[in-house]
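Fold and contact review
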Amino acid sequence: MTAFRTLDNAGSLQGKRVLLRVDLNVPMEGERVTDATRIERIVPTIREIADGGGRVVLLAHFGRPKGKPVERDSLRQVIPVLSEHLGRPVAFAEDCIGETATAAISALKDGDVLLLENTRFHAGEEKNESDFVKALAANGDVFVNEAFSAAHRAHASTEGLAHVLPAYAGRLMQAELDALTKGLEAPSRPVIALVGGAKVSSKIDLLQNLVAKVDMLVIGGGMANTFLHAQGKGVGKSLCEKDLADTALRIIEAAKAANCRIILPVDAVVASEFKANAANETVGVDSVSEGVMILDAGPATVAEISAAIDIAATLVWNGPLGAFELTPFDAATVAAARHAAERTKAGKLVSVAGGGDTVAALNHAGVADDFSYVSTAGGAFLEWLEGKVLPGVEALRVKG
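All figures in this text were calculated on a predicted structure; none of them were measured in a lab.

Reading the values: the criteria
- By convention here, each chain's residues receive numbers from 1 onward along its written sequence.
- It should be noted that, the model being predicted, local features are given only for residues of pLDDT at least 70 and side-chain atom pairs only at 80 or more, the latter also being counted only at that level, while totals for whole chains, interfaces and linings use all residues.
- Only hydrogens and water are removed before side-chain values are computed, so all heavy atoms of the structure are retained for them.
- The term salt bridge refers to a side-chain nitrogen of Lys or Arg lying within 4 Å of a carboxyl oxygen of Asp or Glu.
- Each helix corresponds to a stretch of at least 4 residues labelled H or I by DSSP, and each strand to a stretch of at least 2 residues labelled E; elements are numbered beginning at the N terminus.
- Think of it in three bands: residues with accessible area under 20% of the maximum for their type are buried, residues over 50% are exposed, and the middle band is partly exposed, with areas taken using a 1.4 Å probe on protein chains only.
- Think of a nonpolar core as a cluster: buried Ala, Val, Leu, Ile, Met, Phe, Trp, Tyr and Cys residues, connected wherever their side-chain atoms sit within 4.5 Å.
- Note on contacts: a residue pair qualifies if any of its non-hydrogen atoms lie within 4.5 Å across the two residues.
- UniProt positions are given in the numbering used here, feature names are shortened, and annotations may be inferred rather than shown by experiment.
- We define a polar contact as two N or O atoms separated by no more than 3.5 Å, with the added condition that, inside protein, one atom must be a possible hydrogen donor and the other a possible acceptor, whereas residues neighbouring each other in sequence contribute only through side-chain atom pairs.
- Paired strands, in this sense, are two strands between which DSSP finds at least two bridges.
- For helices, the fitted line uses only the C-alpha atoms of the stretch in contact; every axis is such a line through C-alpha atoms, and the angle between N-to-C directions lies from 0 to 180 degrees.
- In this scheme Phe, Tyr and Trp rings, the latter by its six-membered ring, pair at centre separations within 6.5 Å, and the angle between planes marks the pair as stacked below 30 degrees, edge-to-face above 60, and tilted otherwise.
- Charge-over-ring contacts are defined here by two conditions on Lys NZ or Arg CZ: a distance within 6 Å of the ring centre and an angle within 35 degrees of the ring normal.
- Convention used here: angles under 35 degrees read as roughly parallel, angles over 145 as roughly antiparallel, angles from 65 to 115 as roughly perpendicular, and any remaining angle as oblique.
- Crossings are sorted by hand: turned counterclockwise from the far helix by less than a right angle, the near helix makes the crossing left-handed, and turned clockwise it makes it right-handed.
- Polar here means any residue outside two lists: the nonpolar Ala, Val, Leu, Ile, Met, Phe, Trp, Tyr, Cys and Pro, and the charged Asp, Glu, Lys and Arg; Gly therefore counts as polar.

1. Some words on the pattern of salt bridges
- This model, assessed by the stated rule, comprises 20 salt bridges.
- Between Asp286 and Lys233 there is a salt bridge whose closest N-O contact spans 2.9 Å. On the criterion of sequence distance, the pair formed by Asp286 in the loop between β13 (280-284) and β14 (293-297) and Lys233 in the loop between α8 (222-230) and α9 (245-257) is long-range, its members being 53 residues apart.
- Exposure remark for Asp286: the relative accessible area of 64% places this residue in the exposed category.
- Judged by relative accessible area, which is 23%, Lys233 ranks as partly exposed.
- Members of the salt-bridge network, linked through shared partners, are Asp8, Glu48 and Arg171.

Structure follows, in structure tokens:
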């Protein structure tokens, strides 16, 4: 982590107003938080700063209010769950800038925690306007970014503040950057990447970046059908972007040039309808009939993936291998995930995973806690895999 400034470089925070950017954009049903994972993950950093005498001022966004106050997107609704997980009271201010915010911050004592209202209630947040950055900065002495999930956006509270206040990565951000460095930037080799999901079109940049960086690339899920079609194989009525056949072939050629082995399904579980427990059979990918759709990779494919994982030192995972939401078409994803988890627990594999469906799939397989690191960052994780610069991360990088 020498490439980034972290809390280890911040010195004493006693008595300092610490603007801590966190991700509180948690899923809700009515007024109930349905998944508190993101809240749980920021608790250690909040406690560390507060226990060190810092005055914690939380900055966050919620929803897409488009620069105007919207009651349904108020951060007030997350305070009960945040306070419960933190084990201490959390104060709230009705605005993130101006007199309201200043008065609330002035009332803080060392170790207190305050949540400011949704930064996206101001248009200057997403526009990264300098006046809005200055208004935020006026209420802080130090800026700590704990929201890797928003680091791909050059917003005022994710990137702008890092240029006007002493700026550091929080512990969650630090863990994320450590994991990503071990995943692709400075990995132990051989490296295997597993990329699944529905469409090639949403992951072209990702695939093109990975073939140049990894030793083995597993392509699964609906997107594998496009590659099979490009190779002249029938895919029946499966999800398939036939217009991207040439793109798929170019990716295969790029992989050959980079000495990256591409692993595609050799067998598939097929059914005539997309529903749980539909009548199904396992066939070779050369024997998929017109009336069926591919809904999962077959056991021979799983065996090939597992064998590849066995010789890898690092695994990067994004996306499921099949329609894992429906039994029994979750079998390949579950089997591969559990195999990777076993290798990780045995100390033989560094496994880094991320992306919305990926987290759900690993939770479904019961192994999310057994991977080296599972990112909840979604878009930021995907953009990092694509090789793109993340503004909120670059602003924390040690220069020179």
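2. What to know about the nonpolar core
- Core analysis: the largest hydrophobic core is formed by 101 residues, its most contacted members being Leu24, Phe148 and Leu217.
- Leaving out residues up to four positions away in the same chain, Leu217 has contacts with Ala193, Val195, Leu207, Leu210, Val211, Cys260, Arg261, Ile262 and Ile263.
- Counting 29 residues, the second largest nonpolar core, distinct from the first, contains Met216, Leu315, Val334 and Val359.

3. Looking at the UniProt feature "binding site: substrate" (unreviewed entry) in the protein chain
- Per the UniProt entry, the sites bearing "binding site: substrate" (unreviewed entry) are Asp23, Leu24, Asn25, Arg38, His61, Phe62, Gly63, Arg64, Arg120 and Arg153 in this numbering.
- The topology assignment puts Asn25 in the loop between β1 (17-21) and β2 (28-29).
- Accessibility expressed as a relative area gives 27% for Asn25, which makes it partly exposed.
- Those residues in contact with Asn25 that sit more than four places away from it in its chain are Arg38, His61, Phe62 and Gly63.
- Take Arg120: its relative accessible area is 9%, and that puts it in the buried class.
- In contact with Arg120, not counting residues within four places along its chain, are His61, Gly63, Pro65, Lys66, Gly67, Lys68, Glu125, Glu126 and His155.
- A polar contact of 3.4 Å, which involves the side chain of Arg120, links it to the backbone oxygen of Gly63.

4. Observations concerning the sheet that holds β13
- Spatially, β13-β12-β14 is the arrangement adopted by the 3 strands of the open sheet, whose pairing is antiparallel. The strands lining the two open edges of the sheet, one partner per strand, are β13 and β14. Averaged over all pairs of adjacent strands, the angle between strand axes in this sheet comes to 40°, irrespective of strand direction.
- Bridge count between strand β12 (residues 267-271) and β14: 4 bridges; the pairing is antiparallel. Along β14, the bridge assignment pairs Val269 with Asp296.
- In the packing of helix α10 (residues 299-311) onto the sheet, contacts are made with β12, β13 and β14, and the angle to β12 comes to roughly 140°.

5. Points about unusual backbone geometry
- For the peptide bond that leads from Arg189 to Pro190, omega is 5°, which places it in the cis range.
- In this fold, Pro190 is placed in the loop between α6 (171-185) and β9 (191-195).
- Going from Thr327 to Pro328, the amide bond is cis rather than trans, its omega being 0°.
- Inspection of the secondary structure puts Pro328 in the loop between β15 (314-318) and α11 (331-345).
- Even without being glycine, Asn128 reaches a positive phi, approximately 55°.
- Tracing the backbone through its elements, the reader meets Asn128 in the loop between α4 (123-127) and α5 (130-137).
- Even without glycine at this site, Asn277 takes up a positive phi of about 60°.
- If you trace the backbone, Asn277 turns up in the loop between β12 and β13.

6. Notes on the packing of aromatic side chains
- Under the counting rule described, the total for this entry stands at 2 aromatic pairs.
- Judged by centre distance (6.1 Å) and plane angle (65°), the rings of Trp317 and Phe371 are edge-to-face. A residue pair is termed long-range when its members are at least 10 positions apart, and Trp317 in strand β15 and Phe371 in the loop between α12 (356-365) and β17 (373-375) qualify at 54 residues. Of the two residues, Trp317 and Phe371, neither departs from the other in class, the shared state being buried.
- On the basis of an interplanar angle of 45° and a centroid distance of 5.9 Å, the ring pair of Phe381 and Trp384 is categorised as tilted. Taken together, the positions of Phe381 and Trp384, both in helix α13 (residues 379-385) and 3 residues apart, correspond to about one turn of that helix.
- Lying over the aromatic face of Tyr373, Arg41 brings its terminal NZ or CZ to 5.6 Å of the ring centre.

7. Thoughts on the packing of α10 against α11
- Running from N to C, α10 and α11 cross one another at 20°; their axes reach a closest spacing of 10 Å. What the angle tells us is that α10 and α11 run roughly parallel. α11 is crossed by α10, and the crossing has right-handed handedness. Contacts from Val302, Ile305, Ser306, Ile309 and Asp310 in α10 reach Ala332, Ala335, Ala336, His339, Ala340 and Arg343 in α11.
- Here the contact of α10 with α11 is composed, by residue class, of 7 nonpolar, 2 polar and 2 charged.

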